[in-house]
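# A look at the structure
The primary structure of each chain is shown beneath.
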Amino acid sequence: MRQSLPALVVKALQQVAGQDPVALHEPAFNGHEWDYVKECIDTRWVSSVGKFVDRFEQDLAAYTGAGYAVAVSNGTAALQVALLVAGVEPGNEVLVPALSFVATANAVSHCGAIPHFVDSDEATLGVDIPALARYLDEQTEQRHCQCYNRTTGRRVAAIVPMHTFGHPVDMPALLDLAARHNLTIIEDAAESLGSLLDGRHTGTFGLLGTLSFNGNKIITTGGGGAILTDNKELATKAKRLSTTAKLPHRWAFVHDEVAFNYRLPNLNAALGCAQLEQLDGFVAQKRQLVDRYLAAFDNVPGVSLYRERPGARANYWLQTLILDQEVADQRDSILAATNDAGVMTRPIWELLSSLPMYQANPSMELTGARSLGQRIINIPSSPELVRG
Ligand SMILES: Cc1ncc(COP(=O)(O)O)c(C=O)c1O
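What follows deals with the overall build of the chain. The helix and strand inventory of the chain stands at twelve helices and 16 strands. Taking 21 Å as the expected radius of gyration for a compact globule of 388 residues, we find that the chain reaches 21 Å, a close match to that expectation. Along the first, second and third principal axes, the C-alpha atoms of the chain reach 75 × 60 × 35 Å. Counting only residues that meet the buried cut, the chain has 56% of its 388 residues in that class. Long-range contacts, defined as pairs at least 24 residues apart, comprise 72% of the intrachain contacts of the chain with a sequence gap of at least 6.

Have a look at this one:
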């Protein structure tokens, strides 16, 4: 008798991940993590100042090719500070993909600004640029070289493309579109450290880009984030804003602005330095994992593994299955069968525009995001799955 689709998916996943229970994504600590963290403890430099914070920032800038990197407490804080230093003001609208982790929209809200949701396409899993171009032509107008929403009357200040699961948005096309409409680009590269487009690191195309080092990311500091930019003035502002705007002085505590305590502790930065040394290895392992999954899913009808598009070199942070429309109604049965078998899988996020706090927000038609939202399943993606 022919096996059901959920059973075939379980079999294919176990062919790659083995029969034991397997997580969606586990961090790997095989480098100098213990040594560097011990050094913090031995020297008592564990908090918000220390050599690993400076080194982590320098290493991140060198790795990504960004002029500057500012380490902060998490990726959400990184986005909030990046939006603020880019000039996003309370009452502005910021274009955000509806198909993203909630932090992308929350960071906009933390600035007192309003997330305005945009559609995603299957080619990149990110902003659907042609559809957005048509929408902006209809929905917005230019006044004094600024973009305004014709319906709400509010300024549309910026766009936050997000590189979903490590797959780069078509940034050259987005740069063109943003320039035509006077929109600032702040890239949410939380998931795409190690991903390149045309040889350039994601997070370095926009005015600013942000990273996350949460425990589930390709490298982790336990919790952490960073802001990337080529603009020295913005980097300096970001550092000030994330460190309580304290004026440098040997003993005086003078702060000249209401600011945040978003600094990354030295302990976490120590972990980050050790992890960054292993990043190329993690990317290579994840790229091998794609080949293993491709072979395993070769004969599973209606299910494809998402592959990078030409010009992209993705970090494949989370491996992604896309169900054909005809079998989309089996998504939940596949999720149940795989999780029952001990193979952790999960659907992509609910559309942000459907969450209670964002239901009344402005939004373009979300045809692509809605379709992808029903058809995507993430499967075990830990780099160590390819060790054997
Ligand atoms: C797309 C995206 N944006 C932002 C964040 C926020 O990062 P953090 O959890 O470090 O605040 C995450 C991950 O957690 C993410 O996946």
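Before going further, it helps to examine the site of the ligand. Neighbouring the ligand are 15 residues, the closest being Gly75, Thr76, Asp188, Glu191 and Lys217. One nitrogen or oxygen atom from the main chain of Gly75 is found 2.7 Å from an oxygen atom belonging to the ligand. Protein coverage of the free-state accessible area of the ligand, which is 380 Å², stands at 92%. Residue assignment for the shell around the ligand shows that the elements contributing at least two residues are helix H4 (75-85) and helix H5 (102-110).

Here we take up the nonpolar core. In this structure, Phe56, Leu83, Val94, Leu132 and Ile227 are the most contacted members of the largest nonpolar core, which totals 102 residues. For this core, the element with the highest residue contribution is H4, accounting for seven residues. Counting the residues that make up this core, at least three belong to each of domain 1 (5-28 + 279-386) and domain 2 (33-277). Ranked by size, the runner-up nonpolar core spans 28 residues in total, among them Ala12, Phe297, Ile377 and Val386.

Turning to the state of the cysteines, a few remarks are in order. Enumeration over the complete set of coordinates arrives at zero disulfides. Cys147 carries a free sulfur, and the closest cysteine sulfur to it, the one in Cys145, is 12 Å from it.

For the rest of this paragraph, the subject is the pairing of strand S1 (residues 68-72). Burial within S1 is extensive, with four of its five residues counted as buried. Both S1 and strand S11 (residues 225-229) contribute to a ladder of five bridges, which runs antiparallel. Bridge pairing links Ala69 to Leu228 in S11.

Evaluation of the coordinates by the stated rule reveals 14 salt bridges. With a shortest N-O distance of 3.0 Å, Arg263 and Glu57 are connected by a salt bridge. Here the residue Arg263 occupies a position in the loop between helix H8 (232-242) and helix H9 (266-277), and Glu57 occupies one in helix H3 (residues 51-64), the gap between them amounting to 206 residues. The same class applies to Arg263 and to Glu57, which are both buried. With its nearest N and O atoms 2.6 Å apart, the salt bridge here joins Glu122 to Arg375. Pair noted here: Glu122 is in the loop between strand S3 (114-118) and helix H6 (129-139) and Arg375 is in helix H12 (residues 367-375), with a separation of 253 residues, a long-range link. Here the residues in one salt-bridge network are Arg55, Asp59 and Glu277, joined through shared partners.

The next thing to look at is H3. Here H3 is 14 residues long and its end C-alpha atoms lie 20 Å apart, about the 20 Å a rise of 1.5 Å per residue gives. Two residues or fewer past H3, Gly65 is found with a positive phi of approximately 85 degrees.

Before going further, it helps to spend a moment on the domain arrangement of the chain. Domain annotation of the chain identifies domain 1 (5-28 + 279-386) and domain 2 (33-277). Between domain 1 and domain 2, the contact holds 46 residues from the first and 55 residues from the second. Of the roughly 4,000 Å² buried between domain 1 and domain 2 on both sides combined, carbon and sulfur atoms contribute 63%. Of all residues in domain 1, Leu279, Trp349 and Met364 give up the largest surface area on contact with domain 2, accounting jointly for 20% of the area buried on that side. The interface formed by domain 1 and domain 2 contains one salt bridge. Of all the secondary structure elements, the ones that give two or more residues to the side of domain 1 that touches domain 2 are helix H10 (279-296), strand S13 (312-313), strand S14 (319-323), H12 and strand S16 (376-379). Across the side of domain 1 that touches domain 2, the residue classes tally to 25 nonpolar, eleven polar and ten charged.

Reading the values: rules and limits
Residues take numbers from 1 onward in each chain, read along the sequence in its written order. Local features in this predicted model are restricted to residues whose pLDDT is 70 or higher, and side-chain atom pairs enter the listing and the counts only when it is 80 or higher, whereas totals over whole chains, interfaces and linings include all residues. Side-chain descriptors were evaluated using all non-hydrogen atoms of the structure, hydrogens and water having been removed beforehand. Helix and strand definitions follow DSSP, with helices as H or I runs of at least four residues and strands as E runs of at least two, each counted in order from the N terminus. Two things to know: the radius of gyration comes from C-alpha atoms, and the globule rule equals 2.2 Å times the number of residues to the power 0.38. Classification of residues uses two cut-offs on accessible area relative to the type maximum, computed with a 1.4 Å probe and protein chains only: under 20% is buried, over 50% is exposed, and between them is partly exposed. Residue contacts are counted whenever heavy atoms from the two residues lie within 4.5 Å of one another. Throughout, near means a residue has at least one heavy atom within 4 Å of the molecule or strand. Each polar contact in these results corresponds to two N or O atoms within 3.5 Å; when the atoms are within protein, one needs to be able to donate a hydrogen and the other to accept it, and residues that are neighboring in sequence are counted only if both atoms are side-chain atoms. Using a 1.4 Å probe, the Shrake-Rupley method yields the accessible areas, and only the shown protein chains count as cover for residues. Nonpolar cores were defined as sets of buried Ala, Val, Leu, Ile, Met, Phe, Trp, Tyr and Cys residues, with membership established by side-chain atoms within 4.5 Å. As annotated, the domain borders come from an automatic or database domain assignment. Cysteine sulfur atoms that pair up within 2.5 Å are treated as a disulfide. When DSSP finds at least two bridges between two strands, those strands are taken to pair. Salt bridge, as applied in this entry: a Lys or Arg side-chain nitrogen positioned within 4 Å of an Asp or Glu carboxyl oxygen. Helix span is expected to be 1.5 Å times the residue number reduced by one. Buried area is calculated as the accessible area (1.4 Å probe) missing from two parts once they are joined, with the contributions of both summed. Amino acids are sorted into nonpolar (Ala, Val, Leu, Ile, Met, Phe, Trp, Tyr, Cys and Pro), charged (Asp, Glu, Lys and Arg) and polar (every other residue, Gly among them).

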